[in-house]
Amino acid sequence: MYRDFSTEPYTAEAVPPYPAAVAERPLLSLVAEAVVQTPDGPCRVDSLIPGACLTTRSGAQVTLLSATSLHLSRMELHQQPRLAPIRFDPGTLPGQADDVALLLAPDLPVFFDPAPGVALAGSFPAEAFCNGGTVRPVVPEDGVHYIRLDLSATADIRVSGVWVQSSGDRAIAVQAPSAPVDVPAESRVFMTYVG
């Protein structure tokens, strides 16, 4: 129920509780349900264990050294909108699956290789692709579960058909819905939170 704090006298109970601050950025994270390529085939990020191998764009393999998990609630994402994942609608990027949306941490470098003469190829943060339509920041109803993968070497890793960049001294992280999900407009970023 909504309370109008502006008309009540100040008391300790009248101040709405806020969660502890989280890191400035999730730093190169994937969502828990994202699918990555391994030598044995596709595998969900949340089922990887240290020592697992991932297939790189060059065809080589890199080893997963460790994985760190971070869950941000819907309220935390509204309080710190720069942490909200970037949603790529199905089929938005070349090579991306046509049946599943992809959520990525806003700072995760995505390799973009367009048709010749269309644009420059290179790696750009996921948030750089935002167009307000097919690529946009979202606040999932249940928040977001980021997983950061620490790898043995710098590599481009395939996530749902899209190449994302990592390095040995940094990590990558991804989150994707397990099935196609239509995020309603009222769940998108910058909605006022009333608790």
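These remarks concern the structure in this document. (Residues numbered from 1 in each chain as written. Predicted model: local features only at pLDDT ≥ 70, side-chain atom pairs only at ≥ 80, totals over all residues. Heavy atoms only, no water.)

Some details on the environment of V144
For clarity, the threshold we go by: The helix and strand labels rest on DSSP assignments: H or I over at least four residues marks a helix, E over at least two residues marks a strand, and numbering proceeds from the N terminus. For the exposure calls, accessible area comes from a 1.4 Å probe over protein chains only, and a residue counts as buried if that area is under 20% of its type's maximum, exposed if over 50%, partly exposed in between.
Examined against the element boundaries, V144 turns out to sit in strand β11 (residues 144-151). A residue is classified by how much of its surface remains accessible, and V144, at 0% relative accessible area, is buried. A C-alpha to C-alpha distance of 5.4 Å links V144 and L72, two positions 72 residues apart in sequence.

Considerations on the nonpolar core
The test is simple: The nonpolar core is taken to be a set of buried Ala, Val, Leu, Ile, Met, Phe, Trp, Tyr and Cys residues, with the residues joined through side-chain atoms within 4.5 Å.
L30, F88, L104 and L149 are the most contacted members of the largest nonpolar core, which has 40 residues in total. Those elements that place two or more of their residues in this core are β1 (30-31), β5 (61-72), β6 (86-88), β7 (102-104), β8 (109-112), β11, β12 (155-159) and β13 (162-166). Ranked by the residues each element gives to this core, the list is headed by β11, at 5 residues.

Things to note about the environment of P81
Within the fold, P81 resides in the loop between α1 (74-79) and β6. Judged by its relative accessible area of 30%, P81 falls in the partly exposed class. As a C-alpha pair, P81 and P137 span 56 residues in sequence and 8.4 Å in three-dimensional space.

Digging into the pattern of salt bridges
Here the idea is simple: oppositely charged side chains can pair when their charged atoms come close. Definition in use: Any carboxyl oxygen of Asp or Glu that lies within 4 Å of a side-chain nitrogen of Lys or Arg is treated as forming a salt bridge with it.
One pass over the structure, following the stated rule, counts 6 salt bridges. Between D156 and R57 there is a salt bridge whose closest N-O contact spans 2.6 Å. With D156 in strand β12 and R57 in the loop between β4 (53-55) and β5, this pair connects stretches of sequence that are 99 residues apart. According to the relative accessible area criterion, D156 is buried, its value standing at 10%. With relative accessibility at 40%, the residue R57 sits in the partly exposed group. With a shortest N-O distance of 3.0 Å, E141 and R74 are connected by a salt bridge. A residue pair is termed long-range when its members are at least 10 positions apart, and E141 in the loop between β10 (135-137) and β11 and R74 in helix α1 qualify at 67 residues.

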